[in-house]
Amino acid sequence: MELILRRKLSRKWMNFFFITCLLFLIVKRYFQVCRVPTQSHSFISFTAHSLDELPVNYEGEFSVITYNIAGLPQLISSAVTERSSSIAEIGRRLNDYDIVHVQEDFNYNSFLYYGGNEHPFKTKTKGGVPFGDGLNTLSKYRITEIRRIPWNNCTGADCLTPKGFTFSKIEVGKDIFIDFYNVHANAADDPAAAAARRKNMIQLSNYIKEHSGTRAVIVMGDLNAHFCYEHDNIRDLLAQNHLKDAWITLKGKDSFPAFRAFVKEDILKLNDDCESIDKILFRSSDDLQLRPMAYRFENEKFNNKEGVPLSDHCPVSLSFSWQQHSY
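Not measured: the values here are computed from a predicted model.

Glancing now at the confidence of the model for the protein. Interpretation of the predicted coordinates at a detailed level should be avoided for regions scoring low in pLDDT. Per-chain confidence: the protein averages 88 in pLDDT, with 84% of residues scoring 70 or above. Low pLDDT (under 50) marks residues 20–25, which in the prediction has 0 contacts with non-local residues, meaning those over four places away or in another chain.

Set out below in structure tokens:
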């Protein structure tokens, strides 16, 4: 009897040891593969006809939209509608926009991409939770490069996925390239989370300085930051990189909102007169003039038939005109 108990105890510890080693290898693999910057042209999928040459133009227009689509698994998603059908519907409605940045595109990417979406260029998903960063770009224009950069700092549940930002180059006209950044910053507004988000903005700012130089830039995404929240440093991000915020430019008369006692708002009840954490930032270059034309907080277009939002965010859209300075 004693021998049997010893064997059972030994087997129990062997199982424990095996599970511990397996978890260690999974965690090690996660940090080796998922939480490191990646760069590749193979991360872009496209349809055959999409490689047709663009006509030579010296000016043009395009539309953009940024949308946190709440693609976490159904059980932990804060969106109230069924995720797979809602994200397929989101993919279809995004067809109206030329360049799309999505965040939280985790576990339902196939519904987004193949449920009726028609964008010829798409970045290949990095995967679901916890391996993917949730960041993808859909475009009617050629994406020539994609890099994925995880944050160096995070707090709480944000550390369970390699959240960060992507850098891509998109050709909006013949040999006319713009640097695009798709961002999902650290969430929450407690002191530790805000401190991590400030470091996110510093990391993003340094990357733009190093890798975009003086080129034209568009930054879109869920920045989880407010101009009116004194613990956020998004104003510094703009100032250090000569960026403008589309909402401030077109709705705020080029003035930042005043700092105030911060109260978290229901982002589904905002409108064009309110600052959103989903932002579109931009700058021109010496060679290319970007002019924002129409800012929209899309709080109706992305509701289902019952009027319920398809995500826990409302997307923000913008139209740009561009012109070569040398023209």
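A word on the state of the cysteines. Taken as a whole and judged by the stated rule, the model has 1 disulfide. Each disulfide pairs two cysteine sulfurs, and for Cys154 the partner residue is Cys159, the sulfurs being separated by 2.1 Å. Residues Cys154 and Cys159 are joined by a disulfide whose S-S torsion is about 120°; by sign, that bridge is right-handed. On the basis of relative accessibility, which here comes to 27%, the residue Cys159 falls in the partly exposed class.

Turning our attention to the nonpolar core. In a soluble, globular protein the nonpolar side chains are often hidden away together inside. If you look at the biggest cluster of nonpolar residues, it comprises 52 residues, and the most contacted ones within it are Phe62, Tyr181 and Ile218. Take this core: its biggest share by element is 5 residues, from strand β9 (residues 176–184). Setting aside residues no more than four positions away along its own chain, Phe62 makes contact with Asp98, Ile99, Tyr141, Val172, Ile178, Phe180, Ile218, Leu290, Leu318, Ser319, Phe320 and Trp322. Residues Ile65, Val100, Leu112 and Leu310 belong to the second largest nonpolar core, which totals 15 residues.

Bringing the environment of Ser85 into the picture now. Relative to the elements of secondary structure, Ser85 occurs in helix α2 (residues 83–93). Separated by 27 residues in sequence, Ser85 and Leu112 place their C-alpha atoms 9.1 Å apart.

Okay, the packing of aromatic side chains next. Inspection of the entire model under this criterion finds 13 aromatic pairs. Here Trp151 and Phe165 contribute two aromatic rings whose centre-to-centre distance is 5.3 Å and whose plane-to-plane angle is 50°, an arrangement assigned as tilted. Taken together, the positions of Trp151 in the loop between β7 (142–150) and β8 (164–173) and Phe165 in strand β8 put the pair 14 residues apart, joining distant regions of the chain. Take Trp151: its relative accessible area is 5%, and that puts it in the buried class. Among the aromatic residues, those joined into a ring-pair cluster are Trp151, Phe165, Phe167, Tyr181 and Tyr207.

Quick look at the pairing of β9 now. The two faces of the sheet receive side chains in turn, since in a regular strand these alternate between them. Of all 9 residues in β9, 8 are buried, a share of seventy percent or more. Where β8 and β9 come together, 8 bridges link them in antiparallel fashion. What sits directly across from Phe165, in β9, is Val183. Turn length for the β8-β9 hairpin, with the two strands adjacent in sequence and antiparallel, is 2 residues, and the turn residue Asp175 shows positive phi of about 60°. Note that β9 and strand β10 (residues 217–222) share 6 bridges and pair parallel. The residue bridging Tyr181 from the neighbouring strand is Val219, located in β10. Running through helix α4 (residues 191–212), the crossover from β9 to the neighbouring parallel element β10 is right-handed.

Rules and cut-offs
- Residue indices follow the written sequence of each chain, beginning from 1 at its first position.
- Local features in this predicted model are restricted to residues whose pLDDT is 70 or higher, and side-chain atom pairs enter the listing and the counts only when it is 80 or higher, whereas totals over whole chains, interfaces and linings include all residues.
- By convention in this description, side-chain values take in all heavy atoms of the structure and omit both hydrogens and water.
- The predictor attaches a confidence to each residue, and that confidence, scored 0 to 100, is pLDDT.
- Any two residues whose heavy atoms approach within 4.5 Å at even a single point are treated as in contact.
- Count a disulfide wherever a pair of cysteine sulfur atoms falls within 2.5 Å.
- Any residue under 20% of the maximum accessible area for its type is buried, any over 50% is exposed, and the rest in between are partly exposed; the area is computed with a 1.4 Å probe on protein chains only.
- As used here, the term nonpolar core means buried Ala, Val, Leu, Ile, Met, Phe, Trp, Tyr and Cys residues forming a set that is joined through side-chain atoms within 4.5 Å.
- Each helix is a run of DSSP H or I of at least 4 residues and each strand a run of E of at least 2, with the numbering of both proceeding from the N terminus.
- Geometry of aromatic contacts follows a simple scheme: Phe, Tyr and Trp rings, the Trp one being its six-membered ring, pair when their centres are within 6.5 Å, and the pair is stacked under 30 degrees between planes, edge-to-face over 60, tilted otherwise.
- By the convention used here, strands pair only if DSSP detects at least 2 bridges between them.
- Looking down the strands as they point away from the viewer, one classifies a crossover as right-handed if the path from the first strand across the helix to the second runs clockwise.

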